[in-house]
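Structural description and commentary
If you want the building blocks of each chain, they are given just below.
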Amino acid sequence: MSAEFGGRSGRQGKLSQWLRGRRPKQAAGDGGREALLLAAAEAGLPLAPAAHPAGYRCSCDRVGCPTPARHPVSFAWQTQSTTDHAQIERWARHQPQANFVTATGMVHDVLDVPLDAGREALDRLLEAGVEVGPVAESDDGRLLFFTLTRGTPEDEDEWWPCELDCHPETMDEHPGLRWHCRGSYVLVPPARLPGDDDPSVRWVRGLEHPLPDPLSLLEYLTDACARYADVRPDPTGAAWPLRH
């Protein structure tokens, strides 16, 4: 598991290197992949097999797959998701090319933001001494902050299933932010996207960091997303999309 951001000593120097575009090394080979998956399970992230790249296409049989190599292979992924090491080892060895997803809203949520906004927010969070959990970077331009799940509040009006994040009343409040909670999933590192031989989704802060409360990160992330949207508007003039 990547440990470039594993301690407080020298943390800001490592962050500066990363912000200059240097990628942390990932464990190589099938053994490294399996070790990273088992580490995710050990941290409590429930996993299920996902599609993988087939050249520039998806391994699934859907013509024009809208999310190539980013979706589970089974419609029963929510009940299939597990932290059982033996099952994950079987999947990893029998499906050596498969990506894996982790189901959110059970143990953890994921706050998913545009890459540049996420980098700015991570810098500010670390400078402020806020506890930040595992963070993954994706080559499709997103930064994923792994947090504890909020669970099910007593008042259901305070919460919502993830799909409602796709259709907010206004997209001005949290531009570019996706909150993966109940009913959603994200790719777990290491994962490949079409056209990439090396991992396209990788840890930049490892799973040795405890999962934080999402609300402790939310203000920093929404502020950074709003500033990034103001500075870098969509060239089409559309609002930043909220989707999962």
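Residues numbered from 1 in each chain as written. Predicted model: local features only at pLDDT ≥ 70, side-chain atom pairs only at ≥ 80, totals over all residues. Heavy atoms only, no water.

Quick notes on helix 5 (residues 115-127)
The terminal C-alpha atoms of helix 5, which comprises 13 residues, lie 18 Å apart, in line with the 18 Å expected from a rise of 1.5 Å per residue. By the burial criterion, the buried members of helix 5 are Leu115, Ala117, Gly118, Arg119, Ala121, Leu122, Leu125 and Leu126. The first or second residue beyond helix 5 is Gly129, which carries a positive phi of 75°. (Helix = DSSP H or I, 4+ residues; strand = E, 2+ residues; numbered from the N terminus. Expected span 1.5 Å × (residues − 1). Buried < 20%, exposed > 50% of the residue type's maximum accessible area, 1.4 Å probe, protein only.)

Let's talk about unusual backbone geometry
With an omega of -5°, the peptide bond between Pro189 and Pro190 qualifies as cis. Along the polypeptide, Pro190 turns up in the loop between strand 9 (185-187) and strand 10 (201-205). Residue Ala69 is not a glycine yet carries a positive backbone phi of 65°. Within the fold, Ala69 resides in the loop between strand 3 (57-58) and helix 3 (77-80). Judged by its relative accessible area of 0%, Ala69 is buried.

Topic: the sheet that holds strand 9
Sheet architecture is open: 3 strands sit in the order 1-4-9, paired in antiparallel fashion. Each having just a single partner strand, strand 1 (47-50) and strand 9 make up the two edges of the open sheet. When strand polarity is set aside, the average angle formed by the axes of neighbouring strands in this sheet is 35°. The pairing of strand 4 (residues 99-103) with strand 9 spans 3 bridges and is antiparallel. The residue of strand 9 that forms the bridge with Ala103 is Tyr185. Helix 4 (residues 85-94) contacts strand 1 and strand 4 of the sheet and is inclined by roughly 15° relative to strand 1. (Pairing = 2+ DSSP bridges. Axes fitted to C-alpha atoms, helices over the stretch in contact; angles between N-to-C directions. Contact = heavy atoms within 4.5 Å.)

What about the pairing of strand 4?
Strand 4 sits mainly inside the fold: 5 of its 5 residues count as buried. Burial along strand 4 is two-sided: the residues Asn99, Val101 and Ala103 and Phe100 and Thr102 are all buried. The pairing of strand 1 with strand 4 spans 4 bridges and is antiparallel. The residue bridging Leu47 from the neighbouring strand is Thr102, located in strand 4.

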